[in-house]
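Close look at the chain arrangement
If you want the building blocks of each chain, they are given just below.
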Amino acid sequence: MAVPTIDLTVGQTIAARTVDAVKIYGKGQIEVRALDGITVDFARGVFSAIMGPSGSGKSTLLHCIAGLDTLTSGKAYVGEADLSTLDDQQLTLLRRDRIGFVFQSYNLIPTLTALENITLPLLLAGRDGDRSWIDQVIATIGLADRLDHRPDELSGGQQQRVAVARALASRPHIIFADEPTGNLDSKAGADVLRFMGQAVSELQQTIVMVTHDPVAASHADRIVFLADGRIVDEMLQPTPERVLERMKQFGE
Amino acid sequence: MLRIALKSLWARKIRLFTTALAVVLGVAFMAGTLVLTDTVTRTFDSLFATVYKGTDAVVRGQSEFNGPQNTGAQRPRIDASLLSVVERVPGVAAAEGGVLGYTRLVGKDGRALGNPTTGAPTLGGSWSTVPRLNAFTLVAGQAPSSADQIAIDRKSARDGRLAVGDYATVLTQAPPRRMRISGIVRFGSADSPGGASVVLFPLPVAQQLVAEPGKYDSISVVAAGGVSQAELASRISRVLPPGTEAVTGAQVIRETQNDTRKALSFFTTFMLVFAIVALVVGAFIIFNTFSITVAQRTRENALFRALGASRRQVLGAVLFEALAVGAVASVIGLAAGVAVAAGLKGLLAAAGYPIPAGGVTFLARTVIVCLLAGIGVTVLAAYSPARKAGKVPPVAAMRDTFAGSTGYGSKERVVVGSLVTAGGVASLFVGLFAHPANALQIVGLGALLVFFGVSVLGRTVSLPLSRAIGYPLPRLRGVTGTIARRNAMRNPKRTAASASALMIGVGLVSFITIFASSTKASINATIDRAFTGDFVVDSGSGQMGGLDPSLAAQLNRLPQVEAATGIRLGVAKIDGSVQSIVGVDPTTAFQLFDVKPVQGRTSDLGVASIAVYENVARDKHLRIGSVVPAVFKDSGATQLRVALIYGENRPAGNYFLGTAAYSANFANDYDTQVFVKKAPGTSSSAALAAISRVVDRYPGAKVLDQSGYKSQMAKPVDQLLSLVYVLLALAVVIALLGIANTLALSIFERTRELGLLRAVGMTRSQLRSTIRWESVIVALQGTALGLVVGVFFGWALVRAMSNQGIDQLSFPVASLVAIVVLAGLAGVLAAALPSRRAARLDVLKAVVSD
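Residues numbered from 1 in each chain as written. Chains lettered and ligands numbered in written order. Predicted model: local features only at pLDDT ≥ 70, side-chain atom pairs only at ≥ 80, totals over all residues.

Remarks on the overall build of chain B
For clarity, the cut-off: Going along the chain from the N terminus, every DSSP run of H or I of four or more residues is numbered as a helix, and every run of E of two or more is numbered as a strand.
The helix and strand tally for chain B stands at 24 helices and 26 strands. Projected onto its principal axes, the C-alpha coordinates of chain B cover approximately 100 × 70 × 55 Å.

Following this line, the structure appears as structure tokens:
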């Protein structure tokens, strides 16, 4: 199984980007412009967050840029790869080899152990991966003693940390997280966010996270605010208070 | 609740379709069998009623005994002088003697027509000159009127490309002769009676060729006006000598019709067994589908309970669903049964039993039996899932997940499963070894219980079995293999139920394979052990007729032949039991067969002598000179003296006669087979060439060497085997539908999980492979259980039949391995559709839907 013939390793600072991204659901009267011309870059080595009220298009943006959904018009790139030119097989291999995912819930395969879940993308690729890197990731999530456990034997927070470790294991180009702490209590959520922060600051990874939680967003280095499918604002070095303040302007 | 049940049915129509298909197939097979049997019965009933319409009474020999396996009453011939006695009885308008026996017609291409060994009989008889008594109607040419003329049936004319005016070779107990076809006939509305070939000679010729001069098989009588059949028969009876009887034409029709029914009843039972197998397999699938859908609807049912539906209402709704599925499927199955009947008709025709055209007979009984079976099986199989649905507590509506069954199942299950299996084994043993009256039913019940018991236990062994079968997968297939294996293990109850359905098919296939292999091994062993000759000349006519004895005599005169001996075969009642009995020529037979004489001399086998197998002699306290009572069809009751006690009962059986005794008691005068030993110093090819030169003058006869003889003997076994395979394929197909159905349901349940796998980089082909391997594990699990059951059944039946000549237990390893490989491939096939659907899953929807 060949990795798509796209060069992702050229030294650059942009991990993923969109150009004039438009996503339209439905037709005619019930037409919804979920993304209404979004041009945005996500730099390497940065923990970015996408925020916005419900229906602002933040999840759609994440899905389209991560190759889970397709744009109606405009372009989405992961590295230099133009996602619109890839077929299902190439997109799958791109997700497997270059992208990490953390979803809000149901992140783990119930029949696989924590360790198997962490290494799943590598196993699917038939690769051993970088053993020392994986050890490092496992050490960072602090679940070394629970690696043989099945997901239903782990707490929600532990499951999400395993999910983040899986996203990191193949040392991907970029990690997309969709409300990764949405189902966790604040203590567990904080653990997961701290770990994601460490991944960026200490392990030089790139994360793009969708969230509506100001506290979660404040762990990011940069926040992009969306409303009605457009980028309306941006914030660097956020704090929970500033984020909350900004979100209030959306009327939430 | 009724409307809700209907609505939920409609919502899951595709799923139910595959479920219903299992019932449809089973019912269709059942209906097809019944429709065909009824149609055939009615067709022949009216056929016989038509052709014997003009016969008011029949005079014949009294039955000495009934032959084995529906061969009917065995009657001696009557003396031809009786005709004039009958003709003088007042009220007799006309009377005519007739004979019927073995005859084979040779087609234009030089090949003998028909296959009396396994197909319809090949007959020869006398042409009736009294039109009212003649069952045959000329369709072309004239009645046979001189010694070299014959009339033949229309089917033989067609098959042998023979026309009026042609000369054809006719094989009878006399040397082959060329005769001119003067006419072509039909039998009532049919081209031939039940597919049999018929050659009709003028009466004196027929007597000479197929019976014996001066004898008739029967005398048919036409009554004068005003004399009833009963009156006629009773008047004739008064003048008949002992040992003969007069019966009415109506009774002859009834007897013929009953004979047809009896011959058909074996076929009906045989086919119904497969229909029942299909329905039982279907029951497993229904059980599994309903179990899964009920589990998937736990929340829904809990909601109904929370909203005030009673436990019985929920149970009733599920049962109603089953009832509706069963009813719809049974009705479709009934309709499809007509098509199945047509297919079976073709199958029978291919086997040499063409069925005359006629309307389809669809009896109310067929409708009732099929509906009861189809609906009954469905509702019964859905009962336990329905009960489970009713037991859902209302609070489950608030819970998110239901606990799937994991682990090994309860202790009670193991106990019940073991008890049922043990009961089945016991019943099987009683049926096989204790020789009860209704052995077939008891064995059938035992087999059913064993299958059921093992399927109950299957739940307990499913987990370790899946683990063991899937053991190499992670190594072979990496993480897709790991996931496939764990998926097969995650719900052992479901896996076990899927596997059980296949177990039945595989169990029966492997059983029949082992049994057939053992039978062939026994045949070969018998030939190896007892036959020291080099060649066999086979008449190709089974037990019906045979080779003119001049053949053996000619072969004996060849310098390339050391000895040739003809074997004759007949049916007799020896010491109270009806059996086949062999007649051998003591002057040549023992040069080719070693019967291991224990006492007496082979040369003592005279006209009133019999040879007895050592073990039988011991059991019955027989010594040389003891008297054995015997009844023969032709000679009646007689007493034979033991002249020889021998130690090898294969292939001779428990008793045999010398030619003198055989000829004294049997009217027929032909060899079934001639065994030949080449002269020392003669090469096999030279001997074969010399023998063939003689045998070529006897159409229908074939020279076989030892291995050719073995395969000839094995042929009927192989034919039956392939027929059974075809019929069992139905059960296997239904089981595969079940696996596919279960997989589809599981995939539906695992939508989120599959979406996640795809999101993190599992390719479509990897996903398909996961599902395929899971299916293979399920299939192999069913195969493993099936093989265990099949090997056991095979062993038991072979042991039970060891005194009927099947004394070798042979496990055909290659065939059994082939079964495993095919089952694995079948698993792949079953996964084809579900895996495609899973691969087409919308990743985004699966991942984000909430």
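Considerations on the overall build of chain A
Going by this rule: We compute the radius of gyration from the C-alpha atoms alone; for a globule the expected value is 2.2 Å times N to the 0.38, where N is the number of residues. Counting other C-beta atoms within 10 Å of its own, a residue is labelled buried from 20 upward, exposed at 12 or fewer, and partly exposed in the gap between, with every C-beta atom placed from the backbone.
Helix and strand counts for chain A come out as nine helices and ten strands. At 18 Å, chain A has a C-alpha radius of gyration in line with the 18 Å of a compact globule built from 252 residues. Expressed along its principal axes, the backbone C-alpha trace of chain A runs to roughly 50 × 45 × 35 Å. With 252 residues in all, chain A has 49% of them scored as buried.

Topic: the packing of helix H22 (residues 764–800) of chain B against helix H23 (residues 813–839) of chain B
Residue and element names in this part refer to chain B. To be explicit about the condition: Between N-to-C directions, angles span 0 to 180 degrees; the directions come from axes that are lines fitted to C-alpha atoms, helices contributing only their stretch in contact. Two helices cross in a left-handed way if the nearer one is turned anticlockwise from the farther one by less than a right angle. They cross in a right-handed way if the turn is clockwise. Gly falls in the polar group here, along with every residue not listed as nonpolar (Ala, Val, Leu, Ile, Met, Phe, Trp, Tyr, Cys, Pro) or charged (Asp, Glu, Lys, Arg).
At their nearest, the axes of H22 and H23 sit 7 Å apart, and the two run at 145 degrees to each other. Pair H22 / H23 crosses with right-handed handedness. Grouping the amino acids of the contact of H22 with H23 by side-chain chemistry returns 18 nonpolar, five polar and three charged.

Focus: the sheet that holds strand E7 (residues 174–178) of chain A
All names here are of chain A. Under the convention used in this document: When DSSP locates at least two bridges between a pair of strands, those strands are taken to pair.
Ordered in space as E6-E7-E8-E3-E9-E10, the six strands form an open sheet in which the pairing is mixed. If you trace the sheet from one side to the other, it starts and ends with strand E6 (99–102) and strand E10 (230–236), each paired once. Going from strand to strand, the sheet's axes swing by 20 degrees on average, the running direction of each strand aside. Inspection of the sheet shows E7 paired to strand E8 (residues 207–210) by four bridges, in the parallel sense. Looking at E8, one finds that Phe176 is bridged to Val208.

Focus on the pairing of strand E1 (residues 57–61) of chain B
Regular strands show a simple pattern: their side chains alternate between the two faces of the sheet. Residues and elements named next belong to chain B. Of all five residues in E1, five are buried, a share of seventy percent or more. The pairing of E1 with strand E16 (residues 244–248) spans five bridges and is antiparallel. Across the sheet, residue Gly61 finds its bridge partner in E16, namely Thr244. Pairing of E1 with strand E15 (residues 218–223), which is carried by four bridges, proceeds in the antiparallel orientation. Bridge assignment links Val58 to a residue of E15, and that residue is Ser220.

Focus: the interface of chain A and chain B
Rules: C-beta atoms are placed from the backbone for every residue, and two residues are taken to be in contact when these atoms lie within 7 Å.
Contact residues are listed per partner, giving 23 residues for chain A and 21 residues for chain B. Put simply, the parts of the chain that give the side of chain A that touches chain B at least two residues each are helix H2 (88–98) and helix H4 (120–125) of chain A. Examining the composition of the side of chain A that touches chain B, we find that seven residues originate from one element, H2(A), more than from any other. Per-class residue counts for the side of chain A that touches chain B are twelve nonpolar, six polar and five charged.

What to know about the sheet that holds E1(B)
Residue and element names in this part refer to chain B. If you trace the four strands from one edge of the open sheet to the other, you get E5-E15-E1-E16, paired in antiparallel fashion. This sheet does not close on itself; its edge strands, each paired only once, are strand E5 (92–98) and E16. Taken over all neighbouring pairs, the strand axes of this sheet differ in orientation by 20 degrees on average, direction set aside. Pairing of E5 with E15 involves six bridges; the strand directions are antiparallel. If you follow Gly98 over to E15, its bridge partner there is Ser218. Here helix H6 (residues 229–239) sits on the sheet and contacts E1, E15 and E16; the angle it forms with E16, its principal contact strand, is near 170 degrees.

Section: H2(A)
Residues separated by three or four positions in an α-helix point in the same direction, a consequence of the helix having 3.6 residues per turn. Within H2(A), eight of the eleven residues are buried, leaving the element largely enclosed by the surrounding structure. Along H2(A), the residues classified as buried are A:Leu91, A:Thr92, A:Leu93, A:Leu94, A:Arg95, A:Arg96, A:Asp97 and A:Arg98. Of the surrounding elements, those touching the buried residues of H2(A) are strand E4 (73–78), strand E5 (81–82), E6 and H4 of chain A together with helix H21 (751–759) of chain B.

Focus: the nonpolar core
All names here are of chain B. Selection rule: Here, a nonpolar core means buried Ala, Val, Leu, Ile, Met, Phe, Trp, Tyr and Cys residues linked by C-beta atoms lying within 7 Å of one another.
Counting 275 residues, the largest nonpolar core has Val221, Ala278, Val281, Val318 and Ala731 as the members making the most contacts within it. Looking at which element gives the most residues to this core, the answer is helix H2 (residues 13–51), with 20 residues. Not counting residues up to four positions away in its chain, the partners in contact with Ala731 are Val277, Ala278, Val281, Ile504, Gly505 and Leu508.

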